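# An overview of the molecular structure
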Amino acid sequence: NIPMCFLLRAGAAWSPAIVSGDWWRLVSPIFLHANLFHIASNALLQLRFGFELERILGYCRFIALYLGAGAVGTLVSTMSDPTVVIVGASSASMGIVGACLSW
């Protein structure tokens, strides 16, 4: 497991930091993960659905979907519990899965 203090310095989402102006923390947690299982599960989901969706949408729209879903998921998570530090690409991955299911 990666220490929480490192994740916060690296850009993990945390409501007090976001409210005080660190808006970039809505996107940066997508690229941080808490442990090996966390990154592996996100990678497998993205590999399973991501290539096909990128082929359908194109590179630019796929990246917009991925970053947008990740940012919205981070925002909702930080609003639901302002005391939690958030990392991971699960919301971005779920955006990919949702787009695949709607296609």
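Residues numbered from 1 in each chain as written. Predicted model: local features only at pLDDT ≥ 70, side-chain atom pairs only at ≥ 80, totals over all residues. Heavy atoms only, no water.

## Quick look at the packing of helix H4 (residues 59–80) against helix H5 (residues 90–102)
Applicable threshold: Axis definition: a line fit to C-alpha positions, over the contact stretch in the case of helices; interaxial angles, taken between N-to-C directions, run 0 to 180 degrees. Starting at the N terminus, helices and strands are each numbered in turn, a helix being any DSSP run of H or I of at least four residues and a strand any DSSP run of E of at least two. Working rule for angles: under 35 degrees goes down as roughly parallel, over 145 as roughly antiparallel, 65 to 115 as roughly perpendicular, anything else as oblique. In a left-handed crossing the near helix is turned counterclockwise from the far helix by less than a right angle, and in a right-handed crossing that turn is clockwise. Any two residues having at least one pair of non-hydrogen atoms within 4.5 Å are treated as being in contact. Here the nonpolar group is Ala, Val, Leu, Ile, Met, Phe, Trp, Tyr, Cys and Pro; Asp, Glu, Lys and Arg are the charged ones; every other residue, Gly included, is treated as polar.
Their axes nearest at 7 Å, the elements H4 and H5 cross at an angle of 125°. Classified by the angle their axes make, H4 and H5 are oblique. Helix-helix and strand crossings are classified by hand; for H4 and H5 the assignment is right-handed. Taken together, the residues of H5 that come into contact with H4 (itself represented by Phe62, Leu65, Tyr66, Ala69, Gly70, Gly73 and Thr74) are Ser91, Ala92, Gly95, Ile96 and Ala99. When grouped by side-chain class, the residues that make up the contact of H4 with H5 number seven nonpolar, five polar and no charged.

## So, helix H3 (residues 36–57)
Quick note on the threshold: A helix's residues, less one, multiplied by 1.5 Å, set its expected span. Here the bend at a residue means the angle between the axes of two seven-residue stretches, the one that ends at it and the one that starts at it. Exposure classes here rest on a 1.4 Å probe applied to the protein chains alone. A residue is buried below 20% of its type maximum, exposed above 50%, and partly exposed in between. N or O atoms closer than or at 3.5 Å make up a polar contact, with two conditions inside protein: a donor-capable atom paired with an acceptor-capable one, and, for residues adjacent in sequence, both atoms drawn from side chains.
Relative to the 32 Å expected for 22 residues at 1.5 Å per residue, H3 spans 29 Å between its end C-alpha atoms, a close match to the ideal helical length. The largest bend along H3 reaches roughly 40° and is located at Gly50. Among all positions of H3, only His38, Asn42, Gly50, Leu53 and Leu57 are buried. Turning to H3, the residues buried within the fold contact H4 and H5. Looking at where H3 begins, the residue whose side-chain oxygen comes 3.2 Å from the main-chain nitrogen of Phe37 is Asn35. Downstream of H3 by a residue or two, Gly58 has a phi angle that is positive, lying close to 95°.

## A short note on the packing of aromatic side chains
To keep things clear, this is the line we draw: To pair, rings of Phe, Tyr and Trp, with the six-membered ring standing in for Trp, must have centres within 6.5 Å; the planes then decide the type, stacked if under 30 degrees apart, edge-to-face if over 60, and tilted in the middle. In this analysis the charged atom, NZ for Lys or CZ for Arg, is taken to sit over a ring once it is within 6 Å of the ring centre and within 35 degrees of the ring normal.
Per the counting criterion, the structure on display carries one aromatic pair. Judged by centre distance (6.4 Å) and plane angle (20°), the rings of Phe62 and Tyr66 are stacked. Of this pair, Phe62 and Tyr66 are both found in helix H4, four residues apart, which corresponds to roughly one turn of the helix. Looking at Arg48, its charged tip hangs above the ring of Phe49, at a distance of 5.1 Å from the centre.

Worth remembering: the numbers are spatial, not functional.
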